[in-house]
Amino acid sequence: MERSKKFLALALSSALIAGPASFEMANAATTNASSNSSGTAMQSAQSQGNDAVSQTTASSTDKDLLTTVNDAYTAMREVRAARLAIFDGNTDMATKMTKDATAKMQSAEKAESKWGVPSKAGKKGVTYLPFDSSIALGESFTVTPDNQKAVGKANQQMAQGNAKAAAKTLKDNDIDVSISAAMVPAKASLAHLQDASKLIKSGNYYEANLALKGVEDSVVIDQWGLDNLPQQAGNATKSSANASGSTQMKQKSQQSGTSGNAASNG
């Protein structure tokens, strides 16, 4: 259910932050980002800072920042593909993409109890699923000789996939850091997708496109500081399990030491 890769570069994250209408631009940005994935070495301290900003927050469960849901991300991509297919008159493709998006959103909805969070920008009382997230530096941030080393270290940590450590490095050096996430309400989105499927089947393509647009329009962007990230039940459960495992290992180690001392004294 959860994201295990870093899918998006700065271009896509920026497009998402600009709003749901930017998904088409985001798709092009993703293609360009993939073709240039090898990148080039940083040429200056400022470009190091930009690179640290551009890295997307990894979402595997060992990062402990904000877990995003891969199925929701895939569903959003397929919604965009379905709308483009309708525009191109490719109704068979629109049918397939809408069906696939519905299946992915159904799967994402099952993860809502683990990874869903309330939204500051969205509707009250509605649970939203994060499907993309990124680390951002404060708007007033500039690289200086004093913070250049910290930014470089954070950049290396991001390259290694350790977003949590990178964020901590920046925070420990008084560099303002925030986490942004694009989120979607799974239940409402699923209703829109089911409507779209029925409308496509009955040949009402204009109305089907509006139903799909409803999914994109429901996307919200929230931003938090590191100290007020929303609590996700899945991460809380994992943290408790890790703490329990650590305690058990410590107890076994102490018991082993006690047994060893008793044997030597005997």
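It should be noted that the structure appears before, not after, this text.
Basis of the calculations
- Residues numbered from 1 in each chain as written.
- Predicted model: local features only at pLDDT ≥ 70, side-chain atom pairs only at ≥ 80, totals over all residues.
- Heavy atoms only, no water.
- Helix = DSSP H or I, 4+ residues; strand = E, 2+ residues; numbered from the N terminus.
- Buried < 20%, exposed > 50% of the residue type's maximum accessible area, 1.4 Å probe, protein only.
- Contact = heavy atoms within 4.5 Å.
- Areas by Shrake-Rupley, 256 points an atom, 1.4 Å probe, with all protein chains shown as cover.
- Axes fitted to C-alpha atoms, helices over the stretch in contact; angles between N-to-C directions.
- Parallel < 35°, antiparallel > 145°, perpendicular 65-115°, else oblique.
- Left-handed = near helix turned anticlockwise from the far one by under 90°.
- Nonpolar A, V, L, I, M, F, W, Y, C, P; charged D, E, K, R; others polar.
- Pairing = 2+ DSSP bridges.
- Core = buried A, V, L, I, M, F, W, Y, C linked by side-chain atoms within 4.5 Å.
- Salt bridge = Lys/Arg side-chain N within 4 Å of Asp/Glu carboxyl O.
- Expected span 1.5 Å × (residues − 1).
- Polar contact = N/O pair within 3.5 Å; in protein donor to acceptor, adjacent residues only side chain to side chain.

A separate point is the overall build of the chain. When helices and strands are tallied, the chain shows eleven helices and four strands. Counting all 266 residues of the chain, 44% fall into the buried class. Here the analysis covers contacts within the chain between residues at least 6 apart in sequence; of these, 79% occur between residues at least 24 apart. Of the roughly 14100 Å² of accessible surface on the chain, 50% is carried by carbon and sulfur atoms.

As a further point, take the packing of helix α4 (residues 70-87) against helix α5 (residues 91-110). Working note: a packed helix pair is described by the angle between its axes plus the distance between those axes. With their axes 8 Å apart at the nearest point, α4 and α5 run at an angle of 160° to one another. Between α4 and α5, the interaxial angle falls into the category roughly antiparallel. Of the two elements, α4 crosses α5, and the hand of that crossing is left-handed. Two secondary-structure elements touch here, α4 through D71, A72, T74, A75, M76, E78, V79, A81, A82, A85 and I86 and α5 through M93, A94, M97, T98, D100, A101, K104, M105, S107 and A108. For the contact of α4 with α5, the residue count by class is 14 nonpolar, three polar and four charged.

Relative to each other, helix α9 (residues 186-201) and helix α10 (residues 205-217) sit at 165°, their axes nearing to 8 Å. One way to sum up the angle between α9 and α10 is to call them roughly antiparallel. The hand of the α9/α10 crossing is left-handed. Residue-level contacts link S189, H192, L193, D195, A196, L199 and I200 of α9 to Y205, E207, A208, A211, L212, G214 and V215 of α10. Taken together, the residues of the contact of α9 with α10 sort by class into nine nonpolar, three polar and two charged.

Attention shifts here to the sheet that holds strand β4 (residues 220-225). With antiparallel pairing, the four strands of this open sheet are ordered in space as β1-β2-β3-β4. One side of each edge strand has no neighbouring strand; the edge strands of this open sheet are β1 (117-118) and β4.

Attention now moves to the nonpolar core. One broad rule of soluble globular proteins: the nonpolar side chains tend to lie buried together. In terms of nonpolar packing, the biggest core is built from 30 residues, with M76, M105, F131, L193 and L212 touching the most fellow members. Looking at this core, the elements that each hand over two or more residues are α4, α5, β2 (127-137), β3 (177-184), α9 and α10. Examining the composition of this core, we find that eight residues originate from one element, α4, more than from any other. In this structure, L193 is in contact with V79, T98, A101, T102, M105, L212 and V215, ignoring residues within four places of it in sequence. Ranked by size, the runner-up nonpolar core spans 24 residues in total, among them V117, I135, L137 and I179.

Turning our attention to the pattern of salt bridges. Using the criterion set out here, one finds eight salt bridges in the structure. The partner of E216 in a salt bridge is R80, with the nearest N and O atoms 2.8 Å apart. With E216 in helix α10 and R80 in helix α4, this residue pair connects regions lying 136 residues apart in the sequence. Residue E216 shares its accessibility class with R80, and that shared class is buried. When the shortest N-O distance is used, the salt bridge between E109 and K187 registers 4.0 Å. Residue E109 is located in helix α5, and its partner K187 is located in helix α9; the two are separated by 78 residues in the primary sequence. Connected via shared salt-bridge partners are R80, R83 and E216.

Before going further, it helps to examine helix α7 (residues 148-159). For α7, spanning twelve residues, the distance from its first C-alpha to its last is 17 Å, which sits close to the expected 16 Å at 1.5 Å a residue. For α7, every residue scored as buried is listed here: A150, V151, G152, A154, N155, Q157 and M158. One or two steps after α7, the chain reaches G161, where phi turns positive at roughly 85°.

Of all eight residues that make up β3, eight are buried, and the element is covered over most of its length. In β3, alternate side chains face the same way, and those of V177, I179, A181 and M183 on one face and S178, S180, A182 and V184 on the other are all buried. Relative to β3, β2 is paired through eight bridges, and the arrangement is antiparallel. Among the inter-strand pairings, L137 is bridged to a residue of β3, identified as V177.

All right, on to unusual backbone geometry then. Despite not being glycine, D174 shows a phi value in the positive range, around 60°. Residue position: D174 is located in the loop between α8 (163-172) and β3. Residue classification places D174 among the exposed residues on the basis of a relative accessible area of 74%.

On to the side chain of S119, then. Tracing the backbone through its elements, the reader meets S119 in the loop between β1 and β2. Classification of S119 by relative accessible area gives buried; the value is 6%. At 2.7 Å, the side chain of S119 and the backbone nitrogen of G122 are in polar contact. Beyond its immediate sequence surroundings of up to four residues, S119 is in contact with V126, Y128, M183, V220 and D222.

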